[in-house]
Structure formats: C-alpha cells, structure tokens
Amino acid sequence: MRRADLAVTAGVTVLILGPLLLGGGYWLFGDMVFVPHQPWKAGWLGLDGALPRAVPMDAIVSVVSQVVPGSVVQRLLLVGGFVAGGLGVARLVADQRWWARAAAITLFCWNPWVHERLLMGQWAILLGYLLLPWVARAALRLRADRSGWRPAAVVLVLSAVCSPSSGVMAVGVLAVLALGRDAGTWLRVAGLAVAANLTWLVPALTAETARVSTDGVFAGFAARAESGAGTLASVLSLGGTWKTSVVPPERTSALLVLLSCLLTVAAVAGLRRAGPDRGRWLALGAAAVALALLPAVPGGAGLLEGVAGRVPGLALLRDSQRFLAPLGLVLAVGVAHAATGLRDRIRPGTQALWSGVALLVVAPLLLLPSLAWGALGELQRSSYPRAWDDVAHLVGDDETTVVLPWAGSYRGYDWNHRRAVLDPAPRFLPGEVVVDDRVRLTDRVVPPEDPRVIAVTLALADDDPAGALRAAGVRWVLVERGMGSIDVPAGEIAYDGGGLTLVDLAAGGPVAAEAGPHAGTARRIFVLVGHGLAILLLLVGCAGILRSGRRASHS
C-alpha cells in the first residue's frame, strides 16, 4: 500500500463523512436505516417468500449489530467502503505516478453518482460501486491467467452481498474485461457469476408472496436532465438521477454540467494511453451509458415494460441510472492516464502545464463542492428516542405489527430533523412489521409488492378495522405521531410516549394465526443451499488467495 494513495483516500473519505465521524448517533435519511440492534428475521435471508431487497446484507447487519452497536456498524461500512474504493482504483492504475493515481481516486470517490446515491441513502449499492475496482483487477488477472479465478470469486460474492444490482454490475464488469476467445474463461465466468449471486437469485426466482408492478415504473425511474444541458449531458457526467430532491444544487447549472462533461472528455481521451485494454474500457463505459439512458429514450421505457412483463422480477432493476456506476470506474482509469499524458508534455518553459495536472486532480471537488462535509451539513446526526426501545421490548418475535400512518413507507420525524427516511420499524421491532410499501412518485403511485399491504389496506377501510386486522393476524398497531391526523383502530394502549403509541388489538378479541409471509419447505431448502454455495465459493476463493500468498512469500 502506497502512503500517497492512503493519504488521498483518507482525505476524501473524511471530507465526505467527517460530520458522521465526529460524534454519536446515526445518519438516517432515504434508504439508509441503521438501528442499535437489528433483530434476526427469516426475511433477512429471503426465507419468507418475499422478494429479496437487502438479502443477505440485512442478515449480516443483524448478526454484527448484536455485538457492535448499529451506529458503529454504519461508520465501519461507509468508511470501509470509501477506503476500499479509493485504494482499489489506485491499485488499478498502479503503474501511474502518484498524482495520476490521486486524480483517479478523487474522480472515482467524488462525483455526482456518489453524491446522489449517498443522499438517497442507498449505502449498500454505493458499497457495491466502491468494490468495482477490485472486480476490474480480478477480471484483468483472470484474462491473463485462467487460474486467477479466486480473486474474481471473492469480489463477485462480496458485490452480490451488497445488493442484487451490485451483483449484476460486478458480473458485467468482469465479463467485459475478462472474456476473450478462450471458451474456458467463458465457462469460468458464467459459473462464478451464477454461484456468487445465488444468495439473492434463488429467493428472487422462487418468491411466492410478492409481485413487482411493471406499469409505468421504468418511465417513472428513468434518468432525467438536471439542467438545461439535457439528459445526455447529465448522464455523461455521472448524474441524471430520477429523484430530483437529491440533485446537488450546482448540478442545476448547465455551465457546470457541461464543464463536468469536459472532464469526461479528458478522461475518455486518456484511455487512448490505456494500452491493449482501452477498447474494453470504452466498451464498458458505453454499455453503462446506454443502459442508464435506455428508459429515457423514446420507446425505451415501453420496451422494458414489455420485457419485464415476461421476465418476472426484471422490474426490480427499474432504476437504470444506478447502472451508470461502471462509467465512474472507466473515467477514473482514463483520468489517471490523462494526467500522465499531460505531465509527459511538460518541457522546460512549459511548467505551467503542471497546473493542468493539478486541475485534473481537484476538478471533481471544484465541480461538486456540495458533496463535502455531510453534503455541506445537510446530513445531520440523529438518535432514536427511548420510546423505540420501550416499544421493541413489548412486541414478541412471533407477532405482527402494522405501522401507521398508512401513507407510504417514508417518514419525517421531529427527532430526525424532518428528513425523509425509510420507516425504521421493520428493522427495529421484532416479529413481522407491515408498512405501506407503495412508492409515491410525482405522477403515479407504484403498487405494493407485499400482498399483506393490500390486506391491511382493506382492513383499515373496514367498518371495524380492529376486528379486520385481528382476522388478518395483526396484534399490534404502532402509531408514529407528528405526521398528520391518524384514525387509530380501537384497542388497549400498551405504550404512549416519545412520539409513539402502541395499541394492543388483542384486548378486543382473539388474533388469528400469524399472517406473515411463509415459504414452503422445498423453497427454504433451495434458498439455504444457494446461500451455502455462495459462502463456500467465498471461502474457497479466500483460501486460494491465502495459499497463493504463502507460496509467493516463500519463493
């Protein structure tokens, strides 16, 4: 490990995450939800018959948070991710001088894609992105040496653990950079890709209790123009998210977006110096741009909807702009070569070109200053009120809780600075927790995936909502106060304080058998076998790397 690479990576990490590292509490916003001690649930491994959203990452967080507080787990994951990403991309361009590697680190870790995914709270997808340099290194090694499959196995499993989309992106990067005419390499890559992603593939393909709507979702989540420069310019400069509320303020300026495009042009030009792999890097970047733009081009969203109607679960990939991530890797490699190329032009009397090299290093920071220091103070730390622990101790592991208000799954709590965050209740409370998982976009509402949401919606509209909920197997109703008036079903108040009211419906009559999702025995066996094979692949890969390292040290 080179000290310069570590120093630059550490500096970028502290500049982004600094406010989180200077005190206690949590960053709670968007999909980023960590709790003090996440209880164990079968759904964390996809054993409940539902679609796998965070499988098996939630299982890992649940296990680790029993030993280490969730606030520490959050910091370790975020800091570890940025450090791994920075050092990984530096290793990828290890043949370049330190300033060129610094340019690669800053561009890879500091760009609009990172900013937007961080502000959306998609920390697991961000971790998958930060693993891509290691995937690329493994791919290049595999192409050079067919026996070098072990590093590829390890990084593919780790990427799939982060999220399904991260697993898909890792396979794409590996395929583009590793595959050639050798049929054996094709077979190895195919086998590794399937085995590494079994941890979420099996639960997804055998899901019994959920359906993903395809009606209008690709258009609703399509890439968008952030400024007058247009959608293409936004995407080429690593932006263009569908969620306009997280767009960095400077990205609304067409001038700054176009200047960011100039950085992209410089990086692409630098790829000419990337040797025989330049064509593969260009192909990888072009594929990422095409995939991100597909729903936004005329007819693209309709085409994807038609395919998704025939391929179950494809709608899970509806946010196509997230698949722009490999372009960040490509541009980081290109900007390192661009910095080296500019340095090579420096001759006596042209020392001013050093300022151009320096500009390539700091340009990502200058073009996107709002990523600094917790998105310039927007991300403030929060702590859960004591009431959340009190309620969690009252709910049993085999009981079902419905959370009100019944108006989407994102909340704005006073104690969290009214910042929208995915409801923490499913991760904080034991047992089955049902929240309204409909996604409310500007012009449409995406239907729920969980059939229990439909059942609870009908029960809440019943003349006797308490009785209808009991018939659906619901014992508890958790009311989160401070978000408008709420019609609360009749029941005994078991807890009231700290902005939470817990209503016990069992006081009004017997509760039917638990109504949570269940999976058949055969499906559970398939899911567990899938996890086992992925873990086995990871262990074998790690053992092979260690064995190779010992042989190298003794040679």
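Located above this text is the structure these notes cover.
Reference entry: report on the structure contained in this document. All values derive from a computational prediction rather than experimental measurement.

Criteria and cut-off values
Residues numbered from 1 in each chain as written. Predicted model: local features only at pLDDT ≥ 70, side-chain atom pairs only at ≥ 80, totals over all residues. Heavy atoms only, no water. Salt bridge = Lys/Arg side-chain N within 4 Å of Asp/Glu carboxyl O. Helix = DSSP H or I, 4+ residues; strand = E, 2+ residues; numbered from the N terminus. 1 Å grid on protein atoms, 1.4 Å probe; cavity = no way out; pocket = protein on both sides within 12 Å on 5 of 7 lines; lining within 4 Å. Points joined across faces, edges and corners; volume = space filled by probe spheres on them. Nonpolar A, V, L, I, M, F, W, Y, C, P; charged D, E, K, R; others polar. Contact = heavy atoms within 4.5 Å. Buried < 20%, exposed > 50% of the residue type's maximum accessible area, 1.4 Å probe, protein only. Core = buried A, V, L, I, M, F, W, Y, C linked by side-chain atoms within 4.5 Å. Domains from an automatic or database assignment. Pairing = 2+ DSSP bridges. Axes fitted to C-alpha atoms, helices over the stretch in contact; angles between N-to-C directions.

1. Quick look at the pattern of salt bridges
Side chains bearing opposite charge may pair, as long as their charged atoms lie close to each other.
Alright, step 1. Within this structure, the stated rule accounts for 15 salt bridges.
Alright, step 2. Salt-bridge contacts for Glu432 lead to Arg452; the nearest nitrogen and oxygen are separated by 3.0 Å. Placement of Glu432 in strand E4 (residues 432-434) and of Arg452 in helix H22 (residues 451-460) is noted, with a sequence separation of 20 residues between them.

2. Describing the layout of surface pockets
Gaps left between atoms show up when a probe the size of a water molecule is rolled over them.
Alright, step 1. Of the voids in this model, the second largest pocket is the one considered here, and its volume is about 360 Å³.
Alright, step 2. Met57, Leu77, Leu127, Leu158 and Cys162 are the residues nearest the centre of the second largest pocket, which is lined by 17 residues in total.
Alright, step 3. Elements represented by at least two residues in the lining of the second largest pocket include exactly helix H2 (57-64), helix H3 (70-92), helix H6 (123-130) and helix H8 (149-162).
Alright, step 4. By residue number, the principal contributor to the lining of the second largest pocket is H3, which donates six residues.
Alright, step 5. Of the residues that constitute the lining of the second largest pocket, the class distribution is 15 nonpolar, two polar and no charged.

3. Points about the environment of Leu198
Alright, step 1. Within the secondary structure layout, Leu198 lies in helix H11 (residues 198-205).
Alright, step 2. Separated by 330 residues in the primary sequence, Leu198 and Leu528 place their C-alpha atoms 9.7 Å from one another.
Alright, step 3. Non-local contacts of Leu198, meaning those with residues more than four positions away in its chain, are made with Pro203, Gly530 and Leu533.

4. Regarding unusual backbone geometry
Alright, step 1. Following Val55, the chain continues to Pro56 via a peptide bond in cis, the omega torsion being 0 degrees.
Alright, step 2. Its identity is not glycine, yet Leu238 carries a phi of approximately 70 degrees, on the positive side.
Alright, step 3. Considering the arrangement of structural elements, one finds Leu238 in the loop between helix H13 (231-236) and helix H14 (254-270).
Alright, step 4. Judged by its relative accessible area of 3%, Leu238 is buried.
Alright, step 5. Positive phi is not limited to glycine here, since Arg418 has a value of about 60 degrees.

5. Examining the nonpolar core
Alright, step 1. Trp113, Trp123, Tyr129, Trp281 and Leu329 are the most contacted members of the largest nonpolar core, which totals 136 residues.
Alright, step 2. Top contributing element to this core by residue count: helix H17 (residues 325-344), with eleven residues.
Alright, step 3. Here this core spans two domains, and each of domain 1 (3-209 + 328-377) and domain 2 (386-508) adds at least three residues to it.
Alright, step 4. Excluding residues that lie within four positions of it along the chain, Trp281 makes contacts with Leu92, Ala136, Leu140, Leu177, Leu271, Ala274, Leu329, Val330 and Val333.
Alright, step 5. With 16 residues, the next largest nonpolar core counts Val453, Val477, Ile486 and Leu505 among its residues.

6. With respect to the environment of Val453
Alright, step 1. If you trace the backbone, Val453 turns up in helix H22.
Alright, step 2. Taking relative accessible area as the criterion, Val453 reaches 1% and is therefore assigned buried.
Alright, step 3. For the pair Val453 and Ala534, spaced 81 residues apart in the sequence, the C-alpha separation amounts to 32 Å.
Alright, step 4. Other than its neighbours up to four places away in sequence, Val453 contacts Trp406, Val434, Val435, Asp436, Asp437 and Pro448.

7. A look at the pairing of strand E8 (residues 492-497)
Alright, step 1. Here E8 pairs with strand E9 (residues 500-504) via five bridges, running antiparallel. Of the residues in E9, the one forming a bridge with Tyr495 is Leu502.
Alright, step 2. In this structure, the hairpin formed by E8 and E9 is closed by a connection of two residues, where Gly498 is found at a positive phi of approximately 60 degrees.

8. Examining the sheet that holds strand E7 (residues 476-480)
Alright, step 1. Spatially, E4-E1-E7-E9-E8 is the arrangement adopted by the five strands of the open sheet, whose pairing is mixed. A single partner strand is all that each edge strand has here, and the edge strands are E4 and E8. Strand-to-strand twist of the sheet, defined as the mean angle between neighbouring strand axes without regard to direction, takes the value 20 degrees.
Alright, step 2. Across five bridges, the pairing between E7 and E9 is antiparallel. In the strand pairing of E9, Glu480 is matched with Leu500.
Alright, step 3. Running at roughly 65 degrees to E4, H22 makes contact with strand E1 (400-404) and E4 of the sheet.

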